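# What the coordinates show
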Amino acid sequence: PVLPNRTLDPWDALNPYELWVLVIVISAFSLFGYVLSRWLGATKGAALTGFLGGLVSSTAVTLSLARRSRESAAGRPADTALISGLTLAWSTMFVRVIAEVALVHAPLVPRVALGMGSMAVAAAVVALINFRRANAGGSAVSVSLKNPFSLTAAIKFAALFAVVLCFVALASRNSSSSGVYVVAALAGLTDVDAITLSMARAVRDGSDADVAVRAITTAAVTNTLVKC
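The rules behind each value
Residues numbered from 1 in each chain as written. Predicted model: local features only at pLDDT ≥ 70, side-chain atom pairs only at ≥ 80, totals over all residues. Heavy atoms only, no water. Salt bridge = Lys/Arg side-chain N within 4 Å of Asp/Glu carboxyl O. Helix = DSSP H or I, 4+ residues; strand = E, 2+ residues; numbered from the N terminus. Buried < 20%, exposed > 50% of the residue type's maximum accessible area, 1.4 Å probe, protein only. Expected span 1.5 Å × (residues − 1). Polar contact = N/O pair within 3.5 Å; in protein donor to acceptor, adjacent residues only side chain to side chain. Bend = angle between axes of the 7 residues up to and from the residue.

Counted under the stated rule, the structure contains 6 salt bridges. A salt bridge links E18 to R201; the shortest N-O distance between them is 3.0 Å. Of this pair, E18 sits in helix α1 (residues 16-40) while R201 sits in helix α8 (residues 193-204), placing them 183 residues apart in sequence. The exposure class of E18 is partly exposed, given its relative accessible area of 23%. Here R201 falls in the buried class, since its relative accessible area comes to 8%.

This is the structure:
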């Protein structure tokens, strides 16, 4: 509440109050998944691990399960179980994008939901097929997750979010929509939350909804390719 609730930069992109509110919201998403994993246990099966881990970080789940596959001597059955958890984490990430858009600008949800929902369903189908193949319900697969609700993590996300907001504002004013897509692709290399929130906010403030949907989808696809 002590932060100014107005934009302070020349590009009219950075509102400290709104920026920090969104940081708290994303941290809360991650904390929710972390608390569930601590409460239910991290060894309840690959599917549960993937779902809960996807609420915190689908990238962390990808790295952890891929590393576990490399180190495991159990062979194909264990790998199939790991794939089920990994792809379910990706599916959760796509659903999380829809939820974030809903929090910032609900009218944009129907447009975003088509692409994100399709990718979520595709990933979930792969997860289900591999779940059945490996009978992963009883698999003891866990992912080491750190408590995401920390001041350092929040500041890092705020900094990333601010940079993305500025680049999106500059690209929108000084170039064609292709500039926004380049920013989205670069942001998607590490994270989809920042570009998702910034584009939803831009549409709320009057930007082109079609460009925003394409940018969010570009970031999600880029992020998925990086995890692959």
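Don't stop here, the text continues.
A few words now on helix α9 (residues 209-227). An α-helical turn contains 3.6 residues, so a residue and the one three or four places further along point in the same direction. Taking 1.5 Å of rise per residue, the 19 residues of α9 would be expected to cover 27 Å, and the 27 Å separating its terminal C-alpha atoms lies within 8% of that figure. What α9 keeps buried is the set A209, V211, A212, V213, A215, I216, A219, A220, T222, N223, T224 and K227. Between a side-chain oxygen at the N-terminus of α9 and the backbone nitrogen of D210 the separation is 2.8 Å; the capping residue is D208.

With that settled, the discussion passes to the environment of P110. With respect to the element layout, P110 can be found in helix α5 (residues 109-134). Placed 12 residues apart in sequence, P110 and I98 show a C-alpha to C-alpha distance of 9.0 Å.

Turning our eyes to something else, we now look at α5. Taking 1.5 Å per residue as the helical rise, α5 with its 26 residues ought to reach 38 Å, and the 35 Å between its terminal C-alpha atoms agrees with that figure. At G115, α5 shows its largest bend, some 30°. For α5, the full list of buried residues reads V109, V112, M116, A120, A123, A127, N130 and A134.

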